[in-house]
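# Structural overview for review
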Amino acid sequence: MSAFNIAFKRFLNSETGPRTVHFWAPTLKWGLVIAGISDMNRPVNKLSATQSLSLLATGLVWARWSFVITPKNYLLASVNIFLACTAGYQVSRIINYRLENGDTLQQVFKYMFTSQESVKSKPSMAIQSVNQENLTH
């Protein structure tokens with residue numbers, strides 16, 4: 001048997017090999033990383049702050065967890081480290097965009113966790129409410 005065949009057989013039968021969930025879950029999770037990378041070209045105002053925060057949190061939590069569990073799952077660690085990095089980059093883009101467009105730190109913080117626009121940053125809503133008041137009088 002060649003060295004390649006021995007190595008492949010060992011990989012195939014390992015605790016984190018392709019016959020286990022320890023292999024397929026992180027492999028499929030790379031789709032989230034690819035989506036995050038493709039979002040780097042998306043305009044910042046089209047990104048979801050809550051989604052980016054949740055991807056950052058899940059990446060950090062599961063990256064740590066992958067070193068605690070037995071067997072240690074380096075494939076799971078790698079995908080979650082990349083997930084945290086791409087989501088962290090998106091979060092930083094959103095924060096910078098909001099600050100550059102006049103939001104205070106408090107407004108940015110609220111937006112990051114609720115995705116609700118402040119009245120100040122939605123002038124069209126304020127104008128609509130004033131116009132409706134004028135129409136009723």
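Report follows, based on the coordinates.

Conventions adopted
Residues numbered from 1 in each chain as written. Predicted model: local features only at pLDDT ≥ 70, side-chain atom pairs only at ≥ 80, totals over all residues. Heavy atoms only, no water. Salt bridge = Lys/Arg side-chain N within 4 Å of Asp/Glu carboxyl O. Buried < 20%, exposed > 50% of the residue type's maximum accessible area, 1.4 Å probe, protein only. 1 Å grid on protein atoms, 1.4 Å probe; cavity = no way out; pocket = protein on both sides within 12 Å on 5 of 7 lines; lining within 4 Å. Points joined across faces, edges and corners; volume = space filled by probe spheres on them. Helix = DSSP H or I, 4+ residues; strand = E, 2+ residues; numbered from the N terminus. Axes fitted to C-alpha atoms, helices over the stretch in contact; angles between N-to-C directions. Parallel < 35°, antiparallel > 145°, perpendicular 65-115°, else oblique. Left-handed = near helix turned anticlockwise from the far one by under 90°. Contact = heavy atoms within 4.5 Å. Nonpolar A, V, L, I, M, F, W, Y, C, P; charged D, E, K, R; others polar. Expected span 1.5 Å × (residues − 1).

Turning our eyes to something else, we now look at the pattern of salt bridges. All chains considered together, the criterion is met by 2 salt bridges. Between Arg-42 and Asp-39 there is a salt bridge, with its nearest N and O atoms 3.4 Å apart. The buried category is assigned to Asp-39, whose relative accessible area is 18%. Salt-bridge contacts for Arg-98 lead to Asp-103; the nearest nitrogen and oxygen are separated by 2.8 Å. Of the two residues, Arg-98 and Asp-103, both sit in the buried class.

Turning our eyes to something else, we now look at the layout of surface pockets. Looking at the largest pocket, its volume works out to about 220 Å³. Contributing to the lining of the largest pocket are 15 residues, with Gly-36, Asp-39, Gln-51, Ser-52 and Leu-55 lying nearest its centre. Ranked by the residues each element gives to the lining of the largest pocket, the list is headed by helix H4 (residues 74-100), at 4 residues.

Viewed as axis vectors pointing N to C, helix H3 (residues 49-68) and H4 meet at an angle of 150°, and their least axial separation amounts to 7 Å. By the criterion of interaxial angle, the relationship of H3 to H4 is roughly antiparallel. In terms of crossing hand, the pair formed by H3 and H4 is left-handed. Here Ala-49, Ser-52, Leu-53, Leu-55, Leu-56, Thr-58, Gly-59, Leu-60, Trp-62, Ala-63, Ser-66 and Phe-67 of H3 come into contact with H4, specifically with Tyr-74, Leu-76, Ala-77, Asn-80, Ile-81, Leu-83, Ala-84, Ala-87, Gly-88, Gln-90, Val-91 and Ile-94. Class assignment for the residues of the contact of H3 with H4 results in 17 nonpolar, 7 polar and no charged.

Across the interface, helix H2 (residues 21-38) lies against H4 with an axial gap of 9 Å and an inter-helix angle of 20°. Judged by the angle between their axes, H2 and H4 are roughly parallel. In the packing of H2 onto H4, the handedness of the crossing is left-handed. Of the residues in H4, those touching H2 at Phe-23, Pro-26, Thr-27, Lys-29, Trp-30, Leu-32, Val-33, Gly-36 and Ile-37 are Leu-75, Leu-76, Ser-78, Val-79, Asn-80, Phe-82, Leu-83, Thr-86 and Gln-90. In terms of residue class, the contact of H2 with H4 is made up of 11 nonpolar, 6 polar and 1 charged.

Moving on to H2. Over its 18 residues, H2 runs 26 Å from end to end, which matches the ideal 26 Å to within 8%, given 1.5 Å per residue. Residues of H2 that are buried sit in contact with helix H1 (3-12), H3 and H4.

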